[in-house]
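Each chain, written out:
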Amino acid sequence: MLVGEEAKIVSQTLLEKISKQKEKTLVLNSEDAITILPLRSDARKVYLEVTTGCNFDCTTCIRHSWLDGTGQMTWDTFMRFADQLDDFPKLETVHFGGFGEPLSHPRTLDMMEIIAAKGIKLEMITNGSLLTDKVINRLLDLGLARIYVSLDGPDDKEYNRIREGADFYQVYNNVKRLHQLKRQRGIDKPVINVEFVAMKSNYKRLPDLAGLLTEIGAQELLVTNLLPYHESMVEEALYDMEETDFFIGHQIVTMMRAKIPEMKLRTQRFCKFIEDKAMVVNWQGNVNPCYAMMHTYYCYIYGRKKKFYQQSFGNISDDTLAGIWSHPDYAYFRHQVKHFKFPSCTDCPAADGCSPDNLTDCWGNSVSCSDCLWSRGIVVCP
């Protein structure tokens, strides 16, 4: 990996062209080609985790296996984050999400107000339980563009079984109220989306969601496969079933946009975070490349237990957000992921013996995306 003038083995002509550029570049010199990566502040989306706290205890949750402590973002950390967003001229969206309930942080709406004042689009994902009239009206005042509500069942029996401590009718009525208040104001934002985690015990209820989705004004259904975080959930995993058996209902397909996960491994790999030029900032201020590397935890991939370590390229307490994003190490990582220069552990018969975690792989990568089910479209995120 060569940076700017350090790339001595690159032709003099090319180096002269690089040196005339005002921005720094990363030059990758291989036997086959020379690749020039501009080191610029061109991120378009940031996923912001303001808390890892949640008022639910869902059977599907990562907390059943993670090794990180819980906590919430301090105001000082948030203000460092917000102040540095001005360094990204192409930034379009800040998505409030991560592995916690954003509205459980006491100052989430204040944070949104500061970001909205910069002209940046706001999104969020929520379990819907804290959407009181007061919260809803403030979200409407802030111009929230899109909201994802987690609904893993069409009725209280199914939903409450999965989301312990939850009340299906409370969530249903809250989201329905959001839809009503939008209509009273004559506005079309936020777009209401529903996220459904599909597993063996609930996927056959997907067609029953049709009427409910209409009542709450949902415009899009995002279906993702379950990623088991605990051994007790391994048998619930659906992926690798016959795709013809995965039926979501004709009503849903015809009345709204529905995003359905892959059920089989495909050759193509695609990272939504890389293609969207997105980064993740967790509650501690660590800058992570994606959700999968946001925390340290165990999960089961095709029944095989694997440990994922948090991978951070810096912390906004020690460096600027733009400095971290444009650092050669992070730029190089994004290049590797974009072209998926990683082995495919998901369908390798030797994966049990050589791939216990995401720190290394058999190609010598020191941070590996070789076992990523997000890149296969099997696990989907907003």
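To be clear, the structure that these remarks concern was listed above.
Residues numbered from 1 in each chain as written. Predicted model: local features only at pLDDT ≥ 70, side-chain atom pairs only at ≥ 80, totals over all residues. Heavy atoms only, no water.

(A) Just the overall build of the chain, in detail. The helix and strand inventory of the chain stands at twelve helices and 16 strands. Computed over its C-alpha atoms, the radius of gyration of the chain comes to 22 Å, within 12% of the 21 Å expected for a compact globule of 382 residues. By its C-alpha atoms, the chain is 65 × 50 × 40 Å across when sized along the principal axes. On the chain, roughly 17000 Å² of surface is accessible, and the fraction owed to carbon and sulfur atoms is 48%. A gap of 5 Å separates the mean positions of the 44 positive and 50 negative side-chain charges of the chain. (Helix = DSSP H or I, 4+ residues; strand = E, 2+ residues; numbered from the N terminus. Rg over C-alpha atoms; globule rule 2.2 N^0.38 Å. Areas by Shrake-Rupley, 256 points an atom, 1.4 Å probe, with all protein chains shown as cover. Lys, Arg positive; Asp, Glu negative; His and termini not counted. Charge placed at Lys NZ, Arg CZ, Asp CG, Glu CD.)

(B) Region of interest: helix α3 (residues 108-116). Taken as a whole, α3 has its buried residues at Thr 108, Leu 109, Met 111, Met 112 and Ile 115. The buried side chains of α3 occupy one side of the element, clustering within an arc of 155° when seen end-on. Packing partners of the buried residues in α3 comprise α2 (75-84), β6 (93-96), β7 (121-126) and α4 (133-142). (Buried < 20%, exposed > 50% of the residue type's maximum accessible area, 1.4 Å probe, protein only. Arc of directions from axis to C-beta. Contact = heavy atoms within 4.5 Å.)

(C) Looking closely at the environment of Leu 238. Tracing the backbone through its elements, the reader meets Leu 238 in the loop between β11 (218-225) and α8 (250-255). For the pair Leu 238 and Gly 217, spaced 21 residues apart in sequence, the C-alpha to C-alpha distance is 28 Å.

(D) Main features of the environment of Arg 183. Along the chain, Arg 183 turns up in helix α6 (residues 168-185). Note: C-alpha distance between Arg 183 and Glu 158 (25 residues apart in sequence) is 29 Å.

(E) Representation of the packing of aromatic side chains within the structure. This model, assessed by the stated rule, comprises 16 aromatic pairs. Considering the side-chain rings of Trp 75 and Phe 78, the 5.3 Å spacing of their centres and the 40° angle between planes classify their relative orientation as tilted. Residue Trp 75 and its partner Phe 78 are located together in helix α2, separated by three residues, close to a single helical turn. For the pair Tyr 297 and Phe 308, a centre-to-centre distance of 5.4 Å together with 5° between the ring planes defines the contact as stacked. Here Phe 308 lies in strand β16 (residues 304-308) and Tyr 297 lies in strand β15 (residues 297-301), a separation of eleven residues in the sequence. Taken as a pair, Tyr 297 and Phe 308 share a single burial class, namely buried. Taken together, the aromatic side chains of Tyr 47, Phe 99, Phe 273 and Tyr 291 make up a single cluster linked through ring pairs. Over the aromatic face of Trp 325 sits the side chain of Arg 334, whose NZ or CZ is 3.7 Å from the ring centroid. (Phe/Tyr/Trp six-rings, centres within 6.5 Å; stacked < 30°, edge-to-face > 60°. Lys NZ or Arg CZ within 6 Å of the ring centre and 35° of its normal.)

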